[in-house]
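# Analysis of the macromolecular model
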Amino acid sequence: MTARLVRPNFITEIIDRDLGGELSGVVRTRFPPEPNGYPHIGHAKSICLNFGLALDYRGECNLRFDDTNPETESQEYVEAFLRDLDWLGFAPSRVRFASDYFDQMYLCAAELIRQGAAYVDSVGEEEMRRLRGTVTVLGSPSPFRDRSVAENLALFADMAAGRFGDGEHVLRAKIDLGSPNFKLRDPVLYRIVHATHYRTGDRWCIYPMYDFAHPLEDLIEGVTHSLCTLEFENNRAVYDWLVERLRGRCGLPERRPRQYEFARLSMDYTVMSKRKLLRLVQEGEVQGWDDPRMPTLSGLRRRGVRPEAVRSFADRVGVDRANSRVELSLLDAVIRDDLNAEAPRVMAVLRPVKLVLSNLPASSEVPVQAPYWPRDVPRQGSRTLPLGRELWIEADDFSEDPPKGFRRLRLGGRVRLRYAYVIEAERAVKDASGRVLEIHARVLPETLGSDPADGVRPQGVIHWVPVREALPAEFRLYDRLFAVPDPDAADDPATALNPSSRAVAQGYIEPSVQGDAPDQRYQFERLGYFWPDPEDSRPDRRIYNRIVPLKDSYRPGPGRI
RNA sequence: UGGGGCAUCGUCUAAUGGCAGGACAACGCUCUUUGGAAGCGUGAAUCGUGGUUCGAAUCCACGUGCCCCAGCCA
């Protein structure tokens, strides 16, 4: 028995119990997105749950598009789900569409009418709202509630035939206008929408509502455990009502599915609703659904996150019925953990300043051996780096007025050049405004692989790139999209945006990466994990996205030595 | 105000009447040619009040707080 994909939770408990009882066959789940936006990491949680369960129990999981609203859905979104599901590493048992079932659903609606359990209502939208009542006042019947079966059948057929305009009539379930559960106060089952559906075209001008469509889809597909999020809890009563009335009829199987709800994923500094994500895209706040700052799977992918990390994240977040908000740091930690043993170490300088090694001849070029992996990652390989007289180093790695705890280069101080010599800074050349143009330092001989002979150890280690062989590169540094932990609470999420969520730096990368695969991920030493932007990077114009920064325990401050 | 749900370290969770544990985060130490990784350690929780019980995070009662529901969205 291999390890389970889904860690035990209240749903696996239910399945385990079912397996010993009424449910004798396979476990069937489904992932039922509406194709009205791109999948995000919240969908990933649901995907990992539904597909993971099917794998764990040797069952099946369909991908089923809940495409019952022609006004917001499109093939572009269908393709996004297909692509991202595949990227995540899951293969659906079948791919289905609610729109595949429109004919059968129509028949089921007619059956309901014949049962006297549904009627065509012709009050306007506003009037219906009024008649539905409030938390304190019961709903009251529409004047059309008691139409005859024959009249309802005829009207419903006319609705489908396109004899009415949008909103003139609806089909409603006849349940209980006095129910304290609003969902039971005669929910709308079908509405008239004269819109072209991306799959069925103009074949239909009536479309089933979620409450009607979903239980039928589950029934048709033989779903056993229909998992959805908490906000559908009240809808379960409608689900059950319809299942009991229709199972074993109009071609539907007898065996009933059951709905269970779990808490959707929320993360701090993030919005997760497709509506809000769409707005960010439409208003140009981000550069598309795959902007690396987006919580979409395409955004995470473009940033460089691997599917392994997303799955691991879903696992660590767990499944529960309590609303929760996951910290961004958990995602970061999981991404680093995934990349640590996957990304070879190389050096890049993001904000370069020139370092001149004054006691090296201009033509000098010392070959130094640099392993791709730190000693605690059990992988082999190294490259040779040419150390010349002039190097690029990080501007941040030199200070004339270092704060306490600064373990980098200062005038008169010593640091080791990663994989190379210990150097001692002699002077800084500055322009008229006082900006450091270059730093001159001398190499301490005999320090390749050993400490200085005088016993004065370097204060730190800094990375570098040889000026002569350096490859120029652009670095895109991404940070959280929002500046506040709960952007959903903001009146206008656009005002909560983090103004520095994207920064671009022009620097250099070591020459060894020349010829690497276009999807090669690296750890730039002391900086973070990066990879070439899959859209914009070119061999002659390198652009690297920062996937996630390295954890950094450096906190300059008064309390430090 | 009616109904439906949910409450365990800062965060996500485990414990299914029997020592409140883990991960992330924080802090400290060790190690370190990455201020990385790893290792060690510290601080940190059962929403409240009663009750049942030898024993309660768990069962019961009463509170409190938060989430969802009055779309012809899903």
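Conventions used here
- Residues numbered from 1 in each chain as written.
- Chains lettered and ligands numbered in written order.
- Predicted model: local features only at pLDDT ≥ 70, side-chain atom pairs only at ≥ 80, totals over all residues.
- Heavy atoms only, no water.
- pLDDT = per-residue confidence, 0-100.
- Near = heavy atom within 4 Å.
- Polar contact = N/O pair within 3.5 Å; in protein donor to acceptor, adjacent residues only side chain to side chain.
- Helix = DSSP H or I, 4+ residues; strand = E, 2+ residues; numbered from the N terminus.
- Salt bridge = Lys/Arg side-chain N within 4 Å of Asp/Glu carboxyl O.
- Buried < 20%, exposed > 50% of the residue type's maximum accessible area, 1.4 Å probe, protein only.
- Pairing = 2+ DSSP bridges.
- Axes fitted to C-alpha atoms, helices over the stretch in contact; angles between N-to-C directions.
- Core = buried A, V, L, I, M, F, W, Y, C linked by side-chain atoms within 4.5 Å.
- Contact = heavy atoms within 4.5 Å.

## Digging into the confidence of the model for chain A
When pLDDT is averaged across chain A, the result is 96; 98% of the residues are at 70 or more. Scored as a complex, the prediction yields pTM 0.96 and ipTM 0.97.

## Overview of the protein's contact with RNA strand B
Taken together, 69 residues lie near RNA strand B, and Glu13, Arg191, Arg345, Asp376 and Gln523 sit nearest. Protein-proximal atoms of RNA strand B, defined as those within 4 Å of the protein, fall in sugar or phosphate at a share of 65%. At a separation of 3.2 Å, a sugar or linking oxygen of RNA strand B approaches a polar backbone atom of valine 135. Contact between RNA strand B and aspartate 552: a sugar or linking oxygen at 2.6 Å from a side-chain N or O atom of the residue. Going through the elements one at a time, α5 (125-131), β6 (188-192), α11 (307-317) and α12 (328-340) are the ones with two or more residues in the surface near RNA strand B.

## Remarks on the pattern of salt bridges
Side-chain pairs of opposite charge can arise whenever the charged atoms involved come near each other. Under the criterion given, the structure shown has 54 salt bridges. When the shortest N-O distance is used, the salt bridge between arginine 7 and aspartate 315 registers 3.5 Å. With arginine 7 in the segment before α1 (10-19) and aspartate 315 in helix α11, the pair connects residues that are 308 residues apart, well separated along the chain. Between aspartate 536 and arginine 476 there is a salt bridge, with the nearest N and O atoms lying 2.8 Å from each other. Of this pair, aspartate 536 sits in the loop between β24 (528-532) and β25 (542-549) while arginine 476 sits in strand β21 (residues 471-478), placing them 60 residues apart in sequence. With a relative accessible area of 31%, aspartate 536 lands in the partly exposed category. You can call arginine 476 buried: its relative accessible area is 7%. Taken together, the shared-partner salt bridges in this structure form one network comprising Asp290, Arg302, Glu474, Arg476, Asp533, Asp536 and Arg541.

## What about the sheet that holds strand β7 (residues 206-208)?
Pairing is antiparallel in the open sheet, where four strands are placed in the order β4-β5-β6-β7. Each of the sheet's edge strands pairs with one partner strand only, and the pair in question is β4 (118-121) and β7. Between one strand axis and the next, the sheet turns through 20 degrees on average, direction left out of account. In terms of strand pairing, β4 meets strand β5 (residues 170-173) through four bridges, oriented antiparallel.

## Overview of the nonpolar core
By size, the foremost hydrophobic cluster in this structure holds 39 residues, and its most contacted members are Ile41, Leu88, Met267, Val310, Phe313 and Ile335. At the level of elements, α2 (41-56), β2 (60-65), α3 (75-88), α10 (297-303), α11, α12, β24 and β25 are the ones that each hand at least two residues to this core. It is α2 that contributes the most residues to this core, six residues altogether. Beyond its immediate chain neighbours, meaning those up to four positions away, isoleucine 335 contacts Arg303, Val305, Ala309, Ile547 and Val548. Counting residues in each nonpolar core, the second largest holds 38 residues, with Tyr101, Cys108, Ile113 and Leu219 among its members.

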